[in-house]
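Given next are the chains, with one letter for each unit.
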Amino acid sequence: MSTYLNFPFDEEVFVQSWDATPDPTKTAMLDSGAVVEDAVIASRIQADGGLYTIPFYSVLDGTPDNYDGATDITAEETAGSSQTGVVFGRGKGFTARNFASELSGADPMGHIAATIGKYWAKQRQKALISILQAIFGITGASGNAKKWHDTHTADLTSATATPYTMGATDLNDLATMAMGDNKNLFSLAIMHSAVAKNLENLQVLEHWKYTDANGIQRPTTLASVNGFTVVIDDGVPVQAVGGSGANKDLTSYTTYLLGEGAIRTAKGRVEVPAEVYRDPAKNGGQDTLYTRIRETIHPNGFSFTPPASGWTNSPTDAQLAATANWSVVFDPKAIPIARLITNG
């Protein structure tokens, strides 16, 4: 046991608190139900290091033969493939001077755990969005790549004509284009508050209600549109379009359609997730709390391939966000991930 800010510091107790402390500012995308812990991946990365492979069987196919007592029955050999994911490691230290003004009360370690949880939640959401942006950049002349590009993105923005705001049926149209009769796999729409406001004005976004103790119905923060649960999160991509004239300040907003469990996650092994270092000379003496994470955020149905150069045992932010490092391995009709880009 060491000492941090003159308090006893037990690394094991701290890590347990870090995992368990509620974080009221945790980003909504991570809590939406689209991101789920995957036990199979977790078991792989505890032993296999930075890259992991999950095999899957190909869908049975082929034309049946005529069974007439005279025609031979042909057989198709079963086949399979796999998807590969990557574990990224990140670390960050915080000095005593940074925390000293924030600490108060009788539970300083609990406060530190909550503060660090907020920080890492924001980093996870940034990683998730950059990975989604990367896979939406995939294109190709044929096969799954072309099908993915052609059917899972609807960009309805305009920089010169009348700005396009989301219509009452656009999400349902996107779901049908992406998944056809499989569109019921979509369950969540994650959108910016500006987009949600426009749907509210169209009276198609309905806030769920509850009945209080006095029998009065009141709205909740949850909503739905076109049968999808709506998660409002201003952390989704927002980009200046760069229009002209009356549209010079035009903005585009990305709305994600996701199915439950479309994004898989698991924690990798970290020998020392947190530790304290005392430097008696720096700034007249200071304590630094170091934290480390290793985990994966993986869109189900895609594979990550390490780049030919610049690769270490953990991908950089730029490598995670590079479209060239990702490929589609599922039939896109089985991937409940899609996006709609509008001006509001």
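### Section: the overall build of the protein
And then number 1: The helix and strand inventory of the protein stands at 9 helices and 19 strands.
And then number 2: When burial is assessed residue by residue, the protein has 41% of its 344 residues classed as buried.
And then number 3: For the protein, the share of sequence-separated contacts (at least 6 apart) that also reach a separation of at least 24 residues comes to 75%.
And then number 4: When the accessible surface of the protein is summed, it comes to about 18200 Å², and 51% of that surface belongs to carbon and sulfur atoms.

### As for the environment of Val225
And then number 1: Looking at the element boundaries, Val225 is found in strand 10 (residues 217-225).
And then number 2: With near-sequence residues (within four places) excluded, Val225 lies in contact with Leu171, Met191, Leu199, Val204, Leu205 and Val230.

### Focus: the environment of Ala178
And then number 1: Tracing the backbone shows Ala178 in helix 7 (residues 170-179).
And then number 2: Overall, Ala178 belongs to the buried group, its relative accessible area being 6%.
And then number 3: The spatial distance from the C-alpha of Ala178 to the C-alpha of His152 is 4.9 Å, given a sequence separation of 26 residues.
And then number 4: Those residues within four positions of Ala178 in sequence are excluded, and the remaining contacts are Thr151, His152, Phe186, Pro332, Lys333 and Ala338.

### A word on helix 7
Every α-helix carries 3.6 residues per turn, so stepping three or four residues along brings you back to the same face.
And then number 1: Those residues of helix 7 lying buried are Asp170, Leu171, Leu174, Ala175, Ala178 and Met179. One side of helix 7 carries all its buried residues, which in axial view fall inside an arc of 135°.
And then number 2: Gly180, located one to two residues past helix 7, shows a positive phi value of around 55°.

Conventions used here
- Residues numbered from 1 in each chain as written.
- Predicted model: local features only at pLDDT ≥ 70, side-chain atom pairs only at ≥ 80, totals over all residues.
- Heavy atoms only, no water.
- Helix = DSSP H or I, 4+ residues; strand = E, 2+ residues; numbered from the N terminus.
- Buried < 20%, exposed > 50% of the residue type's maximum accessible area, 1.4 Å probe, protein only.
- Contact = heavy atoms within 4.5 Å.
- Areas by Shrake-Rupley, 256 points an atom, 1.4 Å probe, with all protein chains shown as cover.
- Arc of directions from axis to C-beta.

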